[in-house]
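Inside the fold
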Amino acid sequence: MCIRDRRCVDRWALQGRVAFRSPEQSGSARLSWQQREERYQLAMDGPLGVGGMRIEGDDAQVQVESRGEHHVYTAAPEGVLAAAVGYELPVRALRYWVLGLSAPQGGPAIWGVAPGATVPTLRQAGWTVRYEAREARVAEVPLPTRLTLDRGDLSLRLLVEHWDVDPARLCPAPLP
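All values derive from a computational prediction rather than experimental measurement.

**Structural notes on the nonpolar core**
- Residues Trp97, Val98 and Trp163 are the most contacted members of the largest nonpolar core, which totals 40 residues.
- Ranked by the residues each element gives to this core, the list is headed by strand 13 (residues 154-165), at 6 residues.
- The contacts of Val98, once residues within four sequence positions are left out, are Trp12, Leu14, Pro144, Leu147, Leu158, Val160 and Trp163.

This is the structure we're talking about:
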């Protein structure tokens, strides 16, 4: 909802923190994410640098490096990550959601504001994404800095501390 055209956001990076909670486990990590067209690189490091994981891939291949082991998979990234970390991370859709856009391959998208709330909400692919803060501005385009994703018993919170986006690649649009 912050950016009008998906073609304007095919190259970006962010630094921040992610926290997750499921019935079986919870935790948090530092996050570094680079998106270059269809290729992504995610690096997650737990508290004090413990439990680091590197994920790199695209729609055809995912590489996961964790605990000194390196694995290459030719399956959908969501299934690979579910096996590696114990919960499904919607990587292909999240690259759009983090920018405030619906995912083109994610099926129907419903935008709104939850009853009793004031923050924009996206419902897509079984997930609810709440955009709790839009503080970062790149070329007068507000970018999300705090969002929560929920699906059933799984909850992810993302706090973006720094965006790295070429302002010339952004197409501003009014906020909802």
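**Examining the packing of aromatic side chains**
- A full pass over the atoms with the stated rule returns 4 aromatic pairs.
- Cluster of aromatic residues (ring-pair linked, three or more members): Trp12, Trp33 and Trp163.
- Its guanidinium or amino end placed over the ring of Tyr131, Arg134 lies 5.6 Å from that ring's centre, counting from NZ or CZ.

**Re the pairing of strand 9 (residues 127-133)**
- Along strand 9, 5 of the 7 residues are buried, which leaves the element largely enclosed by surrounding structure.
- The turn joining strand 8 (residues 120-124) and strand 9, which pair antiparallel and follow one another in sequence, is formed by 2 residues; a positive phi near 55° is taken by Ala125.
- Sheet topology note: the strand 9/strand 12 (residues 146-151) ladder contains 5 bridges and is antiparallel. What sits directly across from Arg130, in strand 12, is Thr148.

**What to know about the pattern of salt bridges**
- A full pass over the atoms with the stated rule returns 10 salt bridges.
- Where Arg39 meets Glu56, a salt bridge forms, and the shortest distance between an N and an O atom there is 3.0 Å. Of this pair, Arg39 sits in strand 3 (residues 39-45) while Glu56 sits in strand 4 (residues 53-57), and the two are 17 residues apart along the sequence.
- Overall, the relative accessible area of 27% leaves Glu56 in the partly exposed class.
- Linking Asp58 and Arg39 is a salt bridge whose minimum nitrogen-to-oxygen distance equals 3.2 Å. Of the two residues, Asp58 is situated in the loop between strand 4 and strand 5 (62-66) and Arg39 in strand 3; the sequence distance between them amounts to 19 residues.
- In the salt-bridge network here, residues are joined through shared partners; they are Arg130, Glu132, Arg146, Asp150 and Arg157.

**What about the sheet that holds strand 13?**
- Strand order in this open sheet of 11 strands is 6-5-4-3-2-1-13-12-9-8-7, and the pairing throughout is antiparallel. Edge positions in the open sheet fall to strand 6 (69-73) and strand 7 (109-113), since each of these has one partner strand only. Between one strand axis and the next, the sheet turns through 20° on average, direction left out of account.
- Relative to strand 13, strand 12 is paired through 6 bridges, and the arrangement is antiparallel. Across the sheet, the residue bridging to Arg146 is Leu159, located in strand 13.

**Focus: the environment of Val62**
- Positionally, Val62 belongs in strand 5.
- Separated by 18 residues in the primary sequence, Val62 and Val80 place their C-alpha atoms 7.5 Å from one another.

**Some remarks on the environment of Tyr73**
- Its location among the elements puts Tyr73 in strand 6.
- In this structure the C-alpha to C-alpha distance between Tyr73 and Gly57, which are 16 residues apart in sequence, comes to 9.2 Å.
- Apart from residues no more than four positions distant in its own chain, Tyr73 is found in contact with Ala60, Gln61, Val62, Val64 and Val80.

Rules used in this analysis
- Residue numbers restart at each chain and count upward from 1, following the sequence in its written direction.
- Local features in this predicted model are restricted to residues of pLDDT 70 or higher, and side-chain atom pairs are both shown and tallied only at a pLDDT of 80 or more, whereas totals for entire chains, interfaces and linings draw on every residue.
- To obtain the side-chain values, all non-hydrogen atoms of the structure were included, while hydrogens and water were left out.
- Nine residue types can take part in a nonpolar core, namely buried Ala, Val, Leu, Ile, Met, Phe, Trp, Tyr and Cys, and a core is a set of them joined through side-chain atoms within 4.5 Å.
- The buried label applies to any residue whose accessible area, calculated with a 1.4 Å probe on protein chains only, is under 20% of its type's maximum; exposed applies above 50%, and partly exposed to all values in between.
- Only DSSP runs of H or I covering at least 4 residues are called helices, and only runs of E covering at least 2 are called strands; the numbering of each starts at the N terminus.
- Residue contacts are defined here by distance: any two heavy atoms, one from each residue, within 4.5 Å place the two residues in contact.
- Pairing of aromatic side chains requires ring centres within 6.5 Å, counting the rings of Phe and Tyr and the six-membered ring of Trp. Pairs whose planes differ by under 30 degrees are stacked, by over 60 edge-to-face, and all others tilted.
- Cation placement over rings: the criterion is NZ of Lys or CZ of Arg within 6 Å of the ring centroid and within 35° of the ring normal.
- Any two strands with at least two DSSP-identified bridges between them are counted as paired.
- A side-chain nitrogen of Lys or Arg and a carboxyl oxygen of Asp or Glu constitute a salt bridge if their distance falls within 4 Å.
- Axis lines are fitted to C-alpha atoms, over the contacting stretch for helices. Their N-to-C directions set the angle, which ranges from 0 to 180 degrees.

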